Amino acid sequence: MKIVVTVKLVPDPNAEKRIDTSTKRLVRTGVETVLNPYDEYALEAALQLKEKAGGDTTVTVFAMAPESLKETLRKALAMGADDAVLLSDPALEGSDVWATSYAMSHALKKIGFDLLIVGGLSDDGSTGATPGALAEYLQTPLVTNVRKADAEGNSLKLERETDTGYQTVAAPLPCAITTALTFGEPRYASLKGIMGAKKKTIAPLTVGDLGLDREVGVSGSKTALLAANPPAARGKGQVVEAADGATGAKAIFDFLKERKLV
Amino acid sequence: MKNVLVYVQHKGGVTPKVTFEMATEARKLADQLGGKAHAVVVGKGSSQLAEQLKSYPLDTIHVNDDADVDTFLLDPVVDYVEAAARAAGPSLVLVANTLTGKDVAGRLVGRLNAGVCADATDFKIDGGKIEAIMPKMGGAAITTCALKDGDYGIATIRPNAFSAQAGGSGASVQAIEKPSGKTYTVRIENDVEEGTGELALEEAPAVVAGGRGLGGPEPFDTLLKPLAKELGGAVGASRAAADAGWVPYSLQIGQTGKTVSPNLYIAVGISGAIQHKVGMRSSGTIIAINKDGAAPIAEFSDLTVVGDAFAIVPELTKLIAASKS
């Protein structure tokens, strides 16, 4: 089985973000770009499936990011992915979901897969719509928010979270899934993994390799970002020391009353 | 793009509140764009739900009780929404920003060749052009995003951001034909409801959330639940509490959990790490109860009470209960 995991390289989610209102972009100074920590869950799912399936199952990591971020992908290889493909092209800059998923789908068709695990849960401006759009362009079934997965012959048995509970579903291969964080904590890269990752391949792709029949990037997008502003400042409010429960409760109650919240 | 189509997410006819918020907003947008407001409801219980939706200001409700919608994962839904969008004509499709809604929106991007504005909290119509206002990067930026010219556009709608208002002269309910020539392969074998079918946390007007400072699972029931109940709200949690297994992940608020914007947010024993902050910072009023006055949460709370939550919360619950009687 050939498993492909799409990952994103994002500004460190644990850093406080600021927006530059003139460029409408994130201020990158002092914010490290990392392998999206939530994509490590998708990769963990892939590695677990590989371990269970054994045989000739492989895990390939795919990212669309500037070439300068290539080495950031090594972490995924250190965790245990076999190889990686990096789609880089200035022409992709500013692509919206419509354009991104279109370009990605062509790259993924070129790579080929039996199981596609789409990562991408992040806070850097994502829409949550990319997996669905990819599935449409790839004409492949999609099962999202998977917390348990078992391969049975040519199909998958999956447990997925829903808005109000969970479901078990059966899906044929090839298929695309997204994972929930409840799938399990991602493993740490071992020292051996880190050393081994240095020798693994990160194959480059550019837009020219994809044979796209429409434009991507800002002008090849269906949405346009008009403005990005910081939210109204939320200053530090009152701080009250409460010697006992009654004092604390009264402070809150009075505050709620003043704001007509009780 | 002058019409508006609402995809109605539901289970057996039970739909979250955001549906009515979208139906109300659809009317306003359609009036400004000079088009009609449509909704599409499919799956078991749809006819009954359509009757309920008639009290909202829509023009046409497209309905089919097709059981395939409940048997196969999402593919039939996408086919029906596409059919309804084609029937409605060039339109803006509104979808709730829920797990299901995000999936539907993504599929429609490819299906309708449309751009998507995600997690919209407001709209502006400027000379017939649709602009959505959306908090991004965990609320670090408020962005304005325009849908470029084209037949279709999609917006996912943040629950609790728009108001729901019944009214209108009664929509016409129309049967929508089952899309033909489709085979569905992803079968739902078991479907378990853990809640009431409502999005309790995202839609609650008040949220009382607990964190590491609560020390275990019990206080969520004994301390937070009674307070949430008095406030007519819901209980939430920080990632630390969910990771410790004290509450299910479905209650987790933050970057990897849910985003909420209630009128009132009370954080109990939560330090306020960025992970948590991004999921709740757009709340109306934020109150923190923490034993550490230097915790980051104090920096963005309207009121921070430094003290023992185990003593304060029961007293507060009593005060609120007494004020009602």
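Residues numbered from 1 in each chain as written. Chains lettered and ligands numbered in written order. Predicted model: local features only at pLDDT ≥ 70, side-chain atom pairs only at ≥ 80, totals over all residues. Heavy atoms only, no water.

**Some words on the pairing of strand 3 (residues 60–64) of chain B**
All names here are of chain B.
Here is step 1: Burial analysis of strand 3 places 5 of its 5 residues in the buried class, which makes it a mostly covered element.
Here is step 2: Alternating residues of strand 3 divide into T60, H62 and N64 and I61 and V63, and every residue in both groups is buried.
Here is step 3: Where strand 2 (residues 37–42) lies against strand 3, 5 bridges are found, and the strand directions are parallel. If you follow V40 over to strand 3, its bridge partner there is H62. (Buried < 20%, exposed > 50% of the residue type's maximum accessible area, 1.4 Å probe, protein only. Helix = DSSP H or I, 4+ residues; strand = E, 2+ residues; numbered from the N terminus. Pairing = 2+ DSSP bridges.)

**Structural notes on the packing of aromatic side chains**
All names here are of chain A.
Here is step 1: One pass over the full model with this rule turns up 4 aromatic pairs over all chains.
Here is step 2: Between R214 and the ring centre of W98, over which it is positioned, the NZ or CZ distance is 3.4 Å.
Here is step 3: The ring centre of Y102 lies 3.9 Å from the NZ or CZ of R214, which sits over that ring. (Phe/Tyr/Trp six-rings, centres within 6.5 Å; stacked < 30°, edge-to-face > 60°. Lys NZ or Arg CZ within 6 Å of the ring centre and 35° of its normal.)

**Considering the interface of chain A and chain B**
For interface size, the figure often reported is the accessible area lost on association.
Here is step 1: Between chain A and chain B, the residue contacts involve 83 residues of the former and 84 residues of the latter.
Here is step 2: Of the roughly 6,900 Å² buried at the junction of chain A and chain B (both faces included), carbon and sulfur atoms supply 58%.
Here is step 3: The interface formed by chain A and chain B includes 6 salt bridges.
Here is step 4: R160(A) is the salt-bridge partner of D103(B), the closest N and O atoms lying 3.7 Å from each other.
Here is step 5: Summed over the shared surface of chain A and chain B, the number is 33 residue pairs in polar contact (both at pLDDT 80 or more).
Here is step 6: Every element with two or more residues in the side of chain A that touches chain B is listed here: helix 3 (97–111), helix 4 (130–138), strand 9 (142–152), strand 10 (155–161), strand 11 (165–172), strand 14 (223–229), strand 15 (238–241) and helix 6 (245–258) of chain A.
Here is step 7: Considering every element that reaches the side of chain A that touches chain B, the biggest residue donor is helix 6 of chain A, with 10 residues.
Here is step 8: Of the residues contributing to the side of chain A that touches chain B, the split by class is 41 nonpolar, 23 polar and 19 charged. (Contact = heavy atoms within 4.5 Å. Buried area = accessible area lost by both parts, 1.4 Å probe. Salt bridge = Lys/Arg side-chain N within 4 Å of Asp/Glu carboxyl O. Polar contact = N/O pair within 3.5 Å; in protein donor to acceptor, adjacent residues only side chain to side chain. Nonpolar A, V, L, I, M, F, W, Y, C, P; charged D, E, K, R; others polar.)

**Here we look at the domain arrangement of chain B**
Residues and elements named next belong to chain B.
Here is step 1: The domain boundaries assigned to chain B delineate domain 1 (3–175) and domain 2 (201–324).
Here is step 2: Summed over both sides, the interface between domain 1 and domain 2 buries roughly 740 Å², with carbon and sulfur atoms accounting for 38% of that surface.
Here is step 3: Looking only at domain 1, the three residues that lose the most surface to domain 2 are G138, R158 and N160, adding up to 57% of its buried area.
Here is step 4: Our enumeration of links across domain 1 and domain 2 arrives at 0 salt bridges.
Here is step 5: The interface formed by domain 1 and domain 2 holds 6 residue pairs in polar contact (both at pLDDT 80 or more) in total. (Domains from an automatic or database assignment.)

**Let's talk about the pairing of strand 14 (residues 264–268) of chain B**
All names here are of chain B.
Here is step 1: Counting buried positions along strand 14 gives 5 out of 5 residues, so the element sits mostly inside the fold.
Here is step 2: Both strand 12 (residues 206–210) and strand 14 contribute to a ladder of 5 bridges, which runs parallel. Among the inter-strand pairings, V207 is bridged to a residue of strand 14, identified as Y265.
Here is step 3: In terms of strand pairing, strand 14 meets strand 15 (residues 285–290) through 5 bridges, oriented parallel. Residue A267 lies in a different strand from strand 15, and its bridge partner there is A288.

**Focus on helix 3 of chain A**
Residues and elements named next belong to chain A.
Here is step 1: Here helix 3 spans 20 Å end to end across 15 residues, near enough to the 21 Å set by a 1.5 Å rise per residue.
Here is step 2: Along helix 3, 13 of the 15 residues are buried, which leaves the element largely enclosed by surrounding structure.
Here is step 3: Structurally, the start of helix 3 carries an N-cap: the backbone nitrogen of W98 is 3.2 Å from a side-chain oxygen of D96.
Here is step 4: Looking one or two places after helix 3, you find G112, whose phi comes out positive at around 80°. (Expected span 1.5 Å × (residues − 1).)

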